[in-house]
Amino acid sequence: MANEAIKADTSVSQLRCIGCGRVALPDRFRCEHCRDLLEIVFPGWAEQGPAGLNAEDLKQLWAGRQSSFDPADRSGVWRFREILPEITKQKVITIKEGNTPVYELPRCARSAGVEELFAKHQGMNRSGSFKDTGMTVAASFARLAGYRWVACASTGNTSASMAAYAARGGLHSLVLIPEGKISWSKLSQSLDYGAITCQLKTDFDGCVRVLNEVVQRMPVYLLNSVNPYRVEGQKTVAFELLEQLGWEPPEHIIVPGGNLANSSAIGKAMREMKQLGFISRLPKISVIQAEGANPLVRSIRENGGEKLIPVHAETMATAIRIGNPASWKKALRVIRESEGTVEQVSEIEIAIAKAEIGAEGIGCEPASAVTLAGLKKLVTQGFVKPHESVVLILTGHALKDADFTLKFHRGDLFAGTPLESESEILKGQQRAPLVLEPNVDAVIDLLRSAEG
Ligand code: F0G
(Lines give C-alpha, C1' and ligand atoms only; values in the text may rest on other atoms or scores of the structure.)
Protein backbone atom coordinates (compact mmCIF):
# COMPACT_ATOMS: atom_id res chain seq x y z
CA MET A 1 0.00 0.00 0.00
CA ALA A 2 2.86 2.38 0.72
CA ASN A 3 3.65 2.28 -2.98
CA GLU A 4 0.13 3.03 -4.16
CA ALA A 5 -0.50 6.66 -4.86
CA ILE A 6 -3.42 8.22 -3.07
CA LYS A 7 -5.67 10.53 -4.95
CA ALA A 8 -5.61 14.03 -3.55
CA ASP A 9 -6.86 17.32 -4.85
CA THR A 10 -3.81 18.85 -6.52
CA SER A 11 -5.63 21.97 -7.65
CA VAL A 12 -4.57 23.81 -4.47
CA SER A 13 -1.16 22.37 -3.64
CA GLN A 14 1.48 20.09 -5.14
CA LEU A 15 4.51 18.25 -3.83
CA ARG A 16 7.64 19.34 -5.61
CA CYS A 17 11.29 18.27 -5.32
CA ILE A 18 13.56 20.96 -3.84
CA GLY A 19 16.41 19.70 -6.05
CA CYS A 20 15.15 18.98 -9.59
CA GLY A 21 11.73 20.64 -9.30
CA ARG A 22 9.79 17.58 -10.47
CA VAL A 23 6.25 17.13 -9.13
CA ALA A 24 5.79 14.09 -6.86
CA LEU A 25 2.83 12.03 -5.70
CA PRO A 26 1.09 13.42 -2.59
CA ASP A 27 2.22 10.79 -0.07
CA ARG A 28 5.93 10.65 -0.94
CA PHE A 29 8.85 12.05 1.08
CA ARG A 30 11.68 12.04 -1.41
CA CYS A 31 11.94 12.67 -5.13
CA GLU A 32 11.91 9.40 -7.07
CA HIS A 33 14.44 10.82 -9.55
CA CYS A 34 17.07 12.60 -7.44
CA ARG A 35 16.14 11.50 -3.86
CA ASP A 36 16.04 15.10 -2.64
CA LEU A 37 13.40 16.28 -0.17
CA LEU A 38 9.98 17.42 -1.27
CA GLU A 39 8.10 20.57 -0.41
CA ILE A 40 4.54 21.71 -0.90
CA VAL A 41 3.93 24.49 -3.40
CA PHE A 42 0.74 26.36 -4.24
CA PRO A 43 0.68 26.98 -8.00
CA GLY A 44 -2.54 29.01 -7.91
CA TRP A 45 -1.24 31.69 -5.55
CA ALA A 46 0.72 33.63 -8.17
CA GLU A 47 -2.47 34.41 -10.12
CA GLN A 48 -5.10 34.91 -7.47
CA GLY A 49 -3.65 34.48 -3.96
CA PRO A 50 -4.65 31.83 -1.40
CA ALA A 51 -8.39 31.07 -1.79
CA GLY A 52 -8.56 34.03 -4.14
CA LEU A 53 -7.81 36.50 -1.32
CA ASN A 54 -5.13 39.15 -0.92
CA ALA A 55 -2.99 39.75 2.17
CA GLU A 56 -5.28 42.40 3.68
CA ASP A 57 -8.41 40.22 3.27
CA LEU A 58 -6.61 37.25 4.79
CA LYS A 59 -5.43 39.28 7.81
CA GLN A 60 -9.03 40.32 8.49
CA LEU A 61 -10.44 36.86 7.92
CA TRP A 62 -7.92 35.28 10.33
CA ALA A 63 -8.40 37.97 12.99
CA GLY A 64 -12.19 37.48 12.77
CA ARG A 65 -11.86 33.75 13.39
CA GLN A 66 -10.42 34.44 16.84
CA SER A 67 -13.90 35.10 18.17
CA SER A 68 -15.37 31.95 16.57
CA PHE A 69 -16.14 28.71 18.40
CA ASP A 70 -15.70 26.46 15.34
CA PRO A 71 -13.00 23.87 16.30
CA ALA A 72 -11.02 24.69 13.14
CA ASP A 73 -11.02 28.38 14.01
CA ARG A 74 -9.98 27.66 17.61
CA SER A 75 -6.86 25.92 16.32
CA GLY A 76 -3.90 28.26 15.88
CA VAL A 77 -2.99 26.22 12.81
CA TRP A 78 -6.31 25.73 10.98
CA ARG A 79 -7.27 29.35 11.58
CA PHE A 80 -4.72 30.00 8.81
CA ARG A 81 -6.07 27.20 6.58
CA GLU A 82 -5.92 29.24 3.36
CA ILE A 83 -2.13 28.90 3.34
CA LEU A 84 -2.21 25.14 4.04
CA PRO A 85 -2.86 22.15 1.79
CA GLU A 86 -6.56 21.45 1.60
CA ILE A 87 -7.72 18.68 3.94
CA THR A 88 -11.39 17.70 4.24
CA LYS A 89 -12.73 19.14 7.49
CA GLN A 90 -14.02 15.75 8.73
CA LYS A 91 -10.48 14.32 8.52
CA VAL A 92 -8.81 17.07 10.53
CA ILE A 93 -7.33 15.96 13.85
CA THR A 94 -6.89 18.92 16.18
CA ILE A 95 -6.11 19.32 19.87
CA LYS A 96 -6.43 23.10 19.57
CA GLU A 97 -2.73 23.53 18.88
CA GLY A 98 -0.96 26.82 18.29
CA ASN A 99 -2.21 30.12 19.76
CA THR A 100 1.05 30.32 21.69
CA PRO A 101 2.15 33.46 23.56
CA VAL A 102 4.87 35.96 22.78
CA TYR A 103 6.64 37.00 25.98
CA GLU A 104 8.96 39.90 26.61
CA LEU A 105 12.20 38.82 28.35
CA PRO A 106 13.68 42.01 29.86
CA ARG A 107 16.33 40.37 32.04
CA CYS A 108 17.48 38.04 29.28
CA ALA A 109 17.65 41.09 27.00
CA ARG A 110 20.03 42.79 29.42
CA SER A 111 22.09 39.66 29.76
CA ALA A 112 22.37 39.32 25.97
CA GLY A 113 23.04 43.02 25.39
CA VAL A 114 19.93 43.96 23.39
CA GLU A 115 17.33 46.59 24.22
CA GLU A 116 14.29 44.39 23.65
CA LEU A 117 13.89 40.66 23.45
CA PHE A 118 10.84 38.53 22.76
CA ALA A 119 10.19 34.81 22.92
CA LYS A 120 7.56 32.99 20.90
CA HIS A 121 6.90 30.10 23.24
CA GLN A 122 6.02 27.05 21.20
CA GLY A 123 6.42 24.94 24.33
CA MET A 124 2.98 26.26 25.26
CA ASN A 125 1.43 23.96 22.67
CA ARG A 126 -0.86 21.22 24.00
CA SER A 127 1.71 18.41 24.11
CA GLY A 128 4.35 20.85 25.33
CA SER A 129 6.37 21.43 22.17
CA PHE A 130 6.27 23.07 18.74
CA LYS A 131 5.70 19.68 17.12
CA ASP A 132 1.91 19.96 17.48
CA THR A 133 1.57 22.62 14.79
CA GLY A 134 3.02 20.35 12.12
CA MET A 135 1.56 17.17 13.50
CA THR A 136 -2.05 18.32 13.20
CA VAL A 137 -1.60 18.75 9.43
CA ALA A 138 0.45 15.60 8.77
CA ALA A 139 -1.65 13.33 10.99
CA SER A 140 -4.81 14.67 9.34
CA PHE A 141 -3.30 13.93 5.94
CA ALA A 142 -2.52 10.37 7.11
CA ARG A 143 -6.18 9.93 7.97
CA LEU A 144 -7.30 11.48 4.69
CA ALA A 145 -4.98 9.12 2.80
CA GLY A 146 -6.49 6.11 4.57
CA TYR A 147 -3.47 5.04 6.62
CA ARG A 148 -4.18 3.11 9.82
CA TRP A 149 -0.62 3.34 11.17
CA VAL A 150 1.69 6.29 11.66
CA ALA A 151 5.28 6.18 12.90
CA CYS A 152 8.24 8.36 13.80
CA ALA A 153 11.80 8.21 15.07
CA SER A 154 12.24 10.85 17.72
CA THR A 155 14.28 12.54 20.40
CA GLY A 156 11.04 12.66 22.37
CA ASN A 157 8.87 15.59 21.36
CA THR A 158 7.79 14.38 17.94
CA SER A 159 6.84 11.05 19.49
CA ALA A 160 4.82 12.69 22.28
CA SER A 161 2.99 14.83 19.78
CA MET A 162 2.44 12.09 17.22
CA ALA A 163 1.10 9.70 19.86
CA ALA A 164 -1.39 12.35 21.01
CA TYR A 165 -2.68 13.09 17.50
CA ALA A 166 -2.85 9.41 16.56
CA ALA A 167 -4.91 8.69 19.66
CA ARG A 168 -7.27 11.58 18.96
CA GLY A 169 -7.64 10.53 15.33
CA GLY A 170 -8.14 6.81 15.92
CA LEU A 171 -4.80 5.84 14.33
CA HIS A 172 -2.23 3.36 15.65
CA SER A 173 1.23 4.75 16.28
CA LEU A 174 4.75 3.37 16.42
CA VAL A 175 7.56 5.28 18.13
CA LEU A 176 11.28 4.56 17.77
CA ILE A 177 13.47 6.37 20.29
CA PRO A 178 17.14 6.04 21.24
CA GLU A 179 17.37 4.01 24.44
CA GLY A 180 18.28 6.10 27.49
CA LYS A 181 18.81 9.24 25.41
CA ILE A 182 15.50 11.04 25.80
CA SER A 183 13.86 12.63 28.81
CA TRP A 184 11.52 10.51 30.90
CA SER A 185 8.67 12.98 30.67
CA LYS A 186 8.65 12.76 26.88
CA LEU A 187 8.83 8.98 26.98
CA SER A 188 5.95 8.91 29.48
CA GLN A 189 3.79 10.95 27.11
CA SER A 190 3.98 8.49 24.25
CA LEU A 191 3.16 5.65 26.67
CA ASP A 192 0.26 7.61 28.12
CA TYR A 193 -1.21 8.32 24.68
CA GLY A 194 -1.05 4.67 23.69
CA ALA A 195 1.80 4.47 21.16
CA ILE A 196 3.78 1.28 20.70
CA THR A 197 7.06 2.63 21.99
CA CYS A 198 10.37 0.95 21.13
CA GLN A 199 13.66 2.02 22.65
CA LEU A 200 16.37 1.09 20.16
CA LYS A 201 19.94 0.56 21.26
CA THR A 202 21.24 3.33 19.02
CA ASP A 203 21.01 7.11 18.66
CA PHE A 204 18.36 9.22 16.90
CA ASP A 205 20.12 8.91 13.55
CA GLY A 206 20.12 5.11 13.94
CA CYS A 207 16.38 5.17 14.73
CA VAL A 208 15.76 7.15 11.53
CA ARG A 209 17.68 4.58 9.47
CA VAL A 210 15.61 1.70 10.86
CA LEU A 211 12.31 3.51 10.44
CA ASN A 212 13.01 4.50 6.84
CA GLU A 213 13.28 0.78 6.03
CA VAL A 214 10.18 -0.13 8.01
CA VAL A 215 7.97 2.36 6.16
CA GLN A 216 9.23 1.01 2.81
CA ARG A 217 8.00 -2.42 3.75
CA MET A 218 4.85 -1.75 5.73
CA PRO A 219 1.78 0.43 5.11
CA VAL A 220 2.84 2.92 7.74
CA TYR A 221 2.82 6.68 7.21
CA LEU A 222 6.04 8.42 8.23
CA LEU A 223 5.55 11.42 10.50
CA ASN A 224 9.17 12.50 10.85
CA SER A 225 9.94 16.06 9.86
CA VAL A 226 10.88 15.08 6.29
CA ASN A 227 7.10 14.85 5.96
CA PRO A 228 6.23 17.97 3.95
CA TYR A 229 2.80 18.34 5.60
CA ARG A 230 4.48 18.82 8.96
CA VAL A 231 6.50 21.67 7.54
CA GLU A 232 3.27 23.30 6.31
CA GLY A 233 1.72 23.20 9.78
CA GLN A 234 4.88 24.55 11.36
CA LYS A 235 4.71 27.48 8.95
CA THR A 236 1.69 28.86 10.79
CA VAL A 237 3.91 29.75 13.76
CA ALA A 238 5.46 32.49 11.67
CA PHE A 239 2.07 33.77 10.48
CA GLU A 240 0.81 33.82 14.07
CA LEU A 241 3.98 35.56 15.28
CA LEU A 242 3.72 38.26 12.62
CA GLU A 243 0.06 38.80 13.45
CA GLN A 244 1.05 39.21 17.13
CA LEU A 245 3.68 41.76 16.10
CA GLY A 246 1.21 43.80 14.03
CA TRP A 247 2.65 42.37 10.77
CA GLU A 248 5.95 44.17 11.37
CA PRO A 249 8.76 41.60 11.02
CA PRO A 250 11.47 41.61 13.68
CA GLU A 251 15.06 42.08 12.51
CA HIS A 252 16.09 38.65 13.81
CA ILE A 253 14.50 35.29 14.51
CA ILE A 254 16.64 32.75 16.33
CA VAL A 255 15.78 29.07 16.10
CA PRO A 256 17.36 25.95 17.66
CA GLY A 257 18.64 23.50 15.06
CA GLY A 258 18.27 19.72 15.28
CA ASN A 259 16.85 17.93 12.27
CA LEU A 260 16.46 21.45 10.81
CA ALA A 261 12.80 21.31 9.84
CA ASN A 262 11.62 24.09 12.13
CA SER A 263 13.98 26.71 10.72
CA SER A 264 13.00 25.49 7.23
CA ALA A 265 9.30 25.90 8.00
CA ILE A 266 9.66 29.37 9.51
CA GLY A 267 11.77 30.44 6.54
CA LYS A 268 9.25 29.03 4.05
CA ALA A 269 6.50 30.97 5.81
CA MET A 270 8.48 34.20 5.63
CA ARG A 271 9.22 33.65 1.95
CA GLU A 272 5.52 33.08 1.27
CA MET A 273 4.47 36.08 3.35
CA LYS A 274 6.80 38.27 1.33
CA GLN A 275 5.53 36.83 -1.97
CA LEU A 276 1.93 37.40 -0.91
CA GLY A 277 2.53 40.96 0.28
CA PHE A 278 2.11 40.43 4.04
CA ILE A 279 5.58 41.80 4.71
CA SER A 280 8.06 43.79 2.66
CA ARG A 281 11.31 42.36 4.05
CA LEU A 282 12.52 39.10 5.53
CA PRO A 283 13.75 38.83 9.11
CA LYS A 284 17.21 37.33 9.37
CA ILE A 285 16.75 33.71 10.47
CA SER A 286 19.68 32.26 12.42
CA VAL A 287 20.08 28.67 13.56
CA ILE A 288 21.85 27.69 16.76
CA GLN A 289 23.19 24.20 17.42
CA ALA A 290 24.83 22.59 20.45
CA GLU A 291 28.62 22.31 20.02
CA GLY A 292 28.37 18.53 20.33
CA ALA A 293 25.62 18.26 17.69
CA ASN A 294 26.75 20.82 15.15
CA PRO A 295 26.64 19.29 11.63
CA LEU A 296 25.18 22.40 10.00
CA VAL A 297 27.65 24.77 11.66
CA ARG A 298 30.54 22.56 10.61
CA SER A 299 29.29 22.14 7.06
CA ILE A 300 28.91 25.87 6.54
CA ARG A 301 32.26 26.69 8.14
CA GLU A 302 34.24 23.90 6.54
CA ASN A 303 32.79 23.65 3.03
CA GLY A 304 30.48 26.64 2.62
CA GLY A 305 27.44 24.35 2.90
CA GLU A 306 28.41 22.36 -0.22
CA LYS A 307 27.74 19.06 1.51
CA LEU A 308 26.64 17.92 4.93
CA ILE A 309 29.28 16.77 7.40
CA PRO A 310 27.44 14.30 9.67
CA VAL A 311 28.72 14.13 13.25
CA HIS A 312 28.37 11.72 16.15
CA ALA A 313 26.06 13.87 18.26
CA GLU A 314 26.47 14.36 22.00
CA THR A 315 24.66 16.98 24.09
CA MET A 316 22.58 17.18 27.26
CA ALA A 317 20.02 19.10 25.19
CA THR A 318 18.75 15.70 24.10
CA ALA A 319 16.01 17.08 21.82
CA ILE A 320 18.69 18.29 19.39
CA ARG A 321 21.12 15.38 19.78
CA ILE A 322 21.13 14.85 16.01
CA GLY A 323 24.18 14.29 13.84
CA ASN A 324 22.71 13.82 10.37
CA PRO A 325 19.86 16.31 9.93
CA ALA A 326 17.45 15.47 7.13
CA SER A 327 16.36 19.02 6.29
CA TRP A 328 19.78 20.67 6.16
CA LYS A 329 19.42 21.84 2.55
CA LYS A 330 16.11 23.54 3.26
CA ALA A 331 17.54 25.24 6.34
CA LEU A 332 20.63 26.36 4.45
CA ARG A 333 18.44 27.98 1.80
CA VAL A 334 16.51 29.84 4.53
CA ILE A 335 19.69 31.10 6.21
CA ARG A 336 21.08 32.29 2.87
CA GLU A 337 18.00 33.99 1.52
CA SER A 338 17.22 35.70 4.84
CA GLU A 339 20.88 36.64 5.39
CA GLY A 340 20.89 34.89 8.74
CA THR A 341 23.74 32.89 10.21
CA VAL A 342 24.62 29.81 12.25
CA GLU A 343 26.32 29.52 15.62
CA GLN A 344 27.10 26.83 18.15
CA VAL A 345 26.97 26.97 21.94
CA SER A 346 28.58 24.94 24.71
CA GLU A 347 26.86 22.79 27.32
CA ILE A 348 27.64 25.35 30.02
CA GLU A 349 26.29 28.20 27.89
CA ILE A 350 23.07 26.22 27.34
CA ALA A 351 22.68 25.60 31.09
CA ILE A 352 23.18 29.29 31.93
CA ALA A 353 20.72 30.44 29.26
CA LYS A 354 18.12 27.93 30.37
CA ALA A 355 18.38 29.16 33.97
CA GLU A 356 18.03 32.77 32.80
CA ILE A 357 14.86 31.99 30.83
CA GLY A 358 13.54 30.11 33.86
CA ALA A 359 14.29 33.07 36.12
CA GLU A 360 11.97 35.20 33.94
CA GLY A 361 9.10 32.98 35.12
CA ILE A 362 8.81 31.43 31.68
CA GLY A 363 11.14 28.44 31.44
CA CYS A 364 11.88 26.12 28.55
CA GLU A 365 13.67 22.87 27.87
CA PRO A 366 17.45 22.88 27.27
CA ALA A 367 17.22 22.65 23.48
CA SER A 368 15.19 25.86 23.38
CA ALA A 369 17.73 27.70 25.53
CA VAL A 370 20.38 27.45 22.80
CA THR A 371 18.60 30.42 21.23
CA LEU A 372 19.48 32.79 24.08
CA ALA A 373 22.98 31.36 24.39
CA GLY A 374 23.45 31.85 20.64
CA LEU A 375 22.03 35.36 20.71
CA LYS A 376 24.67 36.40 23.25
CA LYS A 377 27.38 35.29 20.84
CA LEU A 378 25.75 37.00 17.87
CA VAL A 379 25.56 40.27 19.82
CA THR A 380 29.22 39.98 20.83
CA GLN A 381 30.15 39.39 17.18
CA GLY A 382 28.12 42.44 16.11
CA PHE A 383 25.81 40.35 13.91
CA VAL A 384 22.87 41.42 16.09
CA LYS A 385 22.91 45.12 17.02
CA PRO A 386 21.65 46.18 20.46
CA HIS A 387 18.74 48.24 19.05
CA GLU A 388 17.51 45.49 16.69
CA SER A 389 14.36 43.52 17.49
CA VAL A 390 14.90 39.83 18.19
CA VAL A 391 12.50 36.93 18.65
CA LEU A 392 13.70 33.65 20.13
CA ILE A 393 11.71 30.56 19.19
CA LEU A 394 11.36 28.53 22.38
CA THR A 395 10.45 25.07 21.22
CA GLY A 396 9.71 23.03 24.35
CA HIS A 397 8.10 23.50 27.76
CA ALA A 398 10.22 23.61 30.95
CA LEU A 399 8.50 20.45 32.26
CA LYS A 400 9.69 18.46 29.26
CA ASP A 401 13.02 17.92 31.00
CA ALA A 402 12.57 18.55 34.72
CA ASP A 403 15.52 16.22 35.41
CA PHE A 404 17.90 18.67 33.77
CA THR A 405 16.51 21.55 35.85
CA LEU A 406 16.74 19.63 39.13
CA LYS A 407 20.28 18.51 38.42
CA PHE A 408 21.23 22.07 37.51
CA HIS A 409 19.92 23.51 40.77
CA ARG A 410 21.33 20.70 42.88
CA GLY A 411 24.70 21.27 41.26
CA ASP A 412 24.80 17.74 39.80
CA LEU A 413 24.44 18.49 36.11
CA PHE A 414 28.13 18.30 35.28
CA ALA A 415 29.26 16.17 38.25
CA GLY A 416 31.79 13.56 37.13
CA THR A 417 32.13 15.08 33.64
CA PRO A 418 35.14 16.94 32.21
CA LEU A 419 33.11 20.16 32.65
CA GLU A 420 32.83 19.79 36.42
CA SER A 421 35.32 22.51 37.39
CA GLU A 422 34.17 24.88 34.64
CA SER A 423 30.61 24.49 35.93
CA GLU A 424 31.56 26.38 39.11
CA ILE A 425 30.35 29.54 37.36
CA LEU A 426 26.77 28.22 37.54
CA LYS A 427 26.74 28.46 41.34
CA GLY A 428 25.23 31.97 41.41
CA GLN A 429 22.16 30.75 39.54
CA GLN A 430 21.61 27.55 41.47
CA ARG A 431 18.76 27.38 43.97
CA ALA A 432 18.77 23.88 45.41
CA PRO A 433 15.64 22.87 47.35
CA LEU A 434 16.16 23.36 51.08
CA VAL A 435 15.18 20.84 53.74
CA LEU A 436 14.05 22.37 57.05
CA GLU A 437 12.39 21.24 60.24
CA PRO A 438 8.65 22.10 60.29
CA ASN A 439 9.40 25.09 62.44
CA VAL A 440 8.11 28.67 61.94
CA ASP A 441 11.28 30.31 63.26
CA ALA A 442 13.46 28.28 60.93
CA VAL A 443 11.41 29.48 57.94
CA ILE A 444 11.42 33.10 59.14
CA ASP A 445 15.19 33.02 59.72
CA LEU A 446 15.60 31.77 56.23
CA LEU A 447 13.39 34.53 54.80
CA ARG A 448 15.41 37.16 56.69
CA SER A 449 18.70 35.81 55.44
CA ALA A 450 17.33 35.69 51.89
CA GLU A 451 16.25 39.37 52.15
CA GLY A 452 19.52 40.58 53.65
N1 F0G B 1 13.74 21.99 20.09
C2 F0G B 1 13.07 20.93 20.56
C3 F0G B 1 12.47 21.02 21.91
C4 F0G B 1 12.96 19.76 19.78
O5 F0G B 1 12.28 18.72 20.25
C6 F0G B 1 13.58 19.71 18.51
C7 F0G B 1 13.52 18.52 17.68
C8 F0G B 1 14.25 20.86 18.08
C9 F0G B 1 14.32 21.98 18.89
C10 F0G B 1 14.91 20.92 16.76
O11 F0G B 1 13.98 21.13 15.75
O12 F0G B 1 14.58 19.20 14.37
O13 F0G B 1 13.13 21.00 13.47
O14 F0G B 1 15.54 21.43 13.89
N15 F0G B 1 13.04 17.42 18.04
C16 F0G B 1 12.79 16.26 17.19
C17 F0G B 1 12.02 15.19 17.93
C18 F0G B 1 13.93 15.80 16.41
O19 F0G B 1 12.11 14.01 17.55
O20 F0G B 1 11.29 15.52 18.85
P21 F0G B 1 14.32 20.67 14.26
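Residues numbered from 1 in each chain as written. Predicted model: local features only at pLDDT ≥ 70, side-chain atom pairs only at ≥ 80, totals over all residues. Heavy atoms only, no water.

## Here we look at the packing of helix 13 (residues 347-358) against helix 14 (residues 366-380)
Piece 1. Look at helix 13 against helix 14: their axes get within 7 Å of each other, and the N-to-C directions meet at 100°. Our classification of the angle between helix 13 and helix 14 gives roughly perpendicular. The residues of helix 14 that touch helix 13, namely those facing Glu349, Ile350, Ile352, Ala353, Lys354, Glu356 and Ile357, are Pro366, Ala369, Val370, Leu372, Ala373, Lys376 and Lys377.
Piece 2. Tallied by class, residues from the contact of helix 13 with helix 14 come to nine nonpolar, no polar and five charged. (Axes fitted to C-alpha atoms, helices over the stretch in contact; angles between N-to-C directions. Helix = DSSP H or I, 4+ residues; strand = E, 2+ residues; numbered from the N terminus. Parallel < 35°, antiparallel > 145°, perpendicular 65-115°, else oblique. Contact = heavy atoms within 4.5 Å. Nonpolar A, V, L, I, M, F, W, Y, C, P; charged D, E, K, R; others polar.)

## Brief notes about the packing of aromatic side chains
Think of a pair of aromatic rings as described by two things: how far the centres are apart, and how the planes are tilted against each other in angle.
Piece 1. By the definition in use, this model includes eleven aromatic pairs.
Piece 2. Aromatic pair Phe42 and Trp45: ring centres 4.2 Å apart, planes at 10°, arrangement stacked. Comparing Phe42 with Trp45 shows no difference in burial state: the two are buried.
Piece 3. For the ring pair Trp62 and Phe278, a centre distance of 5.5 Å and an interplane angle of 5° mean the geometry is stacked. Note that Trp62 is positioned in helix 2 (residues 55-65) and Phe278 in the loop between helix 10 (261-275) and strand 11 (284-290), a separation of 216 residues in sequence.
Piece 4. A network of ring pairs unites the aromatic residues Phe29, Phe141, Tyr147, Tyr221 and Tyr229 as a single cluster. (Phe/Tyr/Trp six-rings, centres within 6.5 Å; stacked < 30°, edge-to-face > 60°. Buried < 20%, exposed > 50% of the residue type's maximum accessible area, 1.4 Å probe, protein only.)

## A closer look at empty space enclosed by the protein
Piece 1. Using the criterion set out here, one finds one cavity of 30 Å³ or more in the structure.
Piece 2. There is about 280 Å³ of room inside the largest cavity.
Piece 3. Every element with two or more residues in the lining of the largest cavity is listed here: helix 6 (157-169) and helix 10. (1 Å grid on protein atoms, 1.4 Å probe; cavity = no way out; pocket = protein on both sides within 12 Å on 5 of 7 lines; lining within 4 Å. Points joined across faces, edges and corners; volume = space filled by probe spheres on them.)

## Section: the site of the ligand
Piece 1. Around the ligand, a shell composed of 19 residues is seen, among which Ser154, Thr155, Asn259, Leu260 and Thr395 lie nearest.
Piece 2. Within the contact set of the ligand, a nitrogen atom lies 2.9 Å away from a side-chain nitrogen or oxygen of Lys131.
Piece 3. A distance of 2.7 Å separates an oxygen atom of the ligand from a polar atom in the side chain of Ser154.
Piece 4. Taking 480 Å² as the accessible area of the ligand by itself, protein coverage stands at 98%.
Piece 5. Assessed atom by atom at 2 Å from the grid points, the ligand resides in the largest cavity.
Piece 6. Of all the secondary-structure elements, those providing two or more residues to the shell around the ligand are helix 6 and helix 10.
Piece 7. Within the shell around the ligand, the residues separate by chemical class into seven nonpolar, ten polar and two charged. (Near = heavy atom within 4 Å. Polar contact = N/O pair within 3.5 Å; in protein donor to acceptor, adjacent residues only side chain to side chain. Areas by Shrake-Rupley, 256 points an atom, 1.4 Å probe, with all protein chains shown as cover. Sits in = over half its atoms within 2 Å of the grid points.)

## Some words on the side chain of Ser183
Piece 1. Mapped onto the elements of the fold, Ser183 is located in the loop between strand 7 (172-178) and helix 7 (184-192).
Piece 2. Take Ser183: its relative accessible area is 7%, and that puts it in the buried class.
Piece 3. Ignoring any residue separated from it by four or fewer positions in sequence, one finds Ser183 in contact with Thr318, Lys400 and Asp401.

Shape is all these values report; function is a separate question.
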